[in-house]
Amino acid sequence: MTAELLRPAAAEFLRIACAVPDLTAPTPCAGYDVRGLLNHLLYWGPWLIAAGRREDPPAMGSAEAEAALVTDGWRADLEKQTETLVEVFGTPAAWTGTTALGSAPMPSAVVGAMVLGEFVLHGWDLARASGQECAYAPEAATAVYESAVAMGDQARSMGVYGPAVAVAADASPLERALGAAGRDPGRPA
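Counting of residues starts from 1 at the beginning of each chain's written sequence and follows it residue by residue. A pLDDT threshold of at least 70 governs which residues receive local features in this predicted model, and a stricter bar of 80 or more applies before side-chain atom pairs are shown or counted, although totals over entire chains, interfaces and linings include all residues. Side-chain metrics rest on all non-hydrogen atoms present in the structure, leaving aside hydrogens and water.

Points about the environment of Trp95
Part 1 of the argument: Within the fold, Trp95 resides in the loop between α3 (74–89) and β1 (98–101).
Part 2 of the argument: Each residue's exposure class comes from its accessible area (1.4 Å probe, protein chains only) as a fraction of the maximum for that residue type: buried when under 20%, exposed when over 50%, partly exposed otherwise. According to the relative accessible area criterion, Trp95 is buried, its value standing at 10%.
Part 3 of the argument: Placed 37 residues apart in sequence, Trp95 and Pro58 show a C-alpha to C-alpha distance of 21 Å. Each helix is a run of DSSP H or I of at least 4 residues and each strand a run of E of at least 2, with the numbering of both proceeding from the N terminus.

Shown next, in the form of structure tokens:
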């Protein structure tokens, strides 16, 4: 996985996210409508940024479910956060060594892979919820697939991914990534 995949994936993610017309639409991401998924992204983004910078996690006044981060300025907030994530994880050095996500130590490459996965998987969730197409580079989708396979069991045990979904033998890299992360690429939101 390389840092070079982040910028184009982030641009596609932002194109999709900033165009969603209905914050109440359901998404394929279990338990989230569009507003809830955007809130999730805005809540955890600062944690990912802190991990990338190898800093202490931000002090959060409330849990994700109680946070109300999707305000009138949510698009600008998401754009700024996404650009910061790209700046932080856009260099190969950010993917080396170890860091911590909160109090959990882990390889920095795993956190970088999580950032790329957020852009691709949640970008697809938002595209599906709003009737948009998404066009992620096959290399980015393949990297997300490899990450989803590598951490799939742990992610499923934590409720981050649903059960893996079988996809066709000739599935695209994005469809394989979605299936590995518990999303059915053929099912509507």
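Focus: empty space enclosed by the protein
Part 1 of the argument: Throughout, the protein atoms alone are placed on a 1 Å grid, and a set of points is a cavity if a 1.4 Å probe fits but cannot get out or a pocket if it is open with protein on both sides within 12 Å along at least five of seven lines; lining residues have an atom within 4 Å of a point. Grid points are joined across faces, edges and corners, and a volume is the space filled by probe spheres set on the points. Within this structure, the stated rule accounts for 1 cavity of 30 Å³ or more.
Part 2 of the argument: Roughly 80 Å³ of volume is contained in the largest cavity.
Part 3 of the argument: As for the largest cavity, its lining consists of Phe13, Leu41, Trp44, Gly45, Leu48, Leu78, Gln81, Thr82, Leu85, Glu118 and Phe119.
Part 4 of the argument: Looking at the lining of the largest cavity, the elements with two or more residues in it are α2 (34–53), α3 and α4 (108–130).
Part 5 of the argument: Its residues assigned to classes, the lining of the largest cavity shows 7 nonpolar, 3 polar and 1 charged. Any residue that is not Ala, Val, Leu, Ile, Met, Phe, Trp, Tyr, Cys, Pro, Asp, Glu, Lys or Arg is counted as polar, Gly included; the first ten are nonpolar and the last four charged.

Thoughts on unusual backbone geometry
Part 1 of the argument: Here Arg54, not a glycine, exhibits a phi torsion of approximately 60 degrees, which is positive.
Part 2 of the argument: As for its position among the elements, Arg54 is in the loop between α2 and α3.

Section: the environment of Gly61
Part 1 of the argument: Position of Gly61 relative to the elements: it lies in the loop between α2 and α3.
Part 2 of the argument: Gly61 sits 35 residues away from Pro26 along the chain, and the two C-alpha atoms are 27 Å apart.

Some points on the packing of α4 against helix α7 (residues 173–180)
Part 1 of the argument: Contact pair α4 / α7: the axes reach a minimum separation of 11 Å and the direction vectors enclose 90 degrees. The orientation of α4 with respect to α7, classified from their angle, is roughly perpendicular. Residues Val120, Leu121 and Trp124 of α4 form the contact with α7, whose participating residues are Leu174, Ala177 and Leu178. The axes are straight lines fitted to the C-alpha atoms, using for helices just the contacting stretch, and the angles between their N-to-C directions are given from 0 to 180°. An angle below 35 degrees is read as roughly parallel, one above 145 as roughly antiparallel, one from 65 to 115 as roughly perpendicular, and any other as oblique. Whether two residues touch is decided by their heavy atoms; if any such pair falls within 4.5 Å, the residues are in contact.

By themselves these figures say nothing about function.
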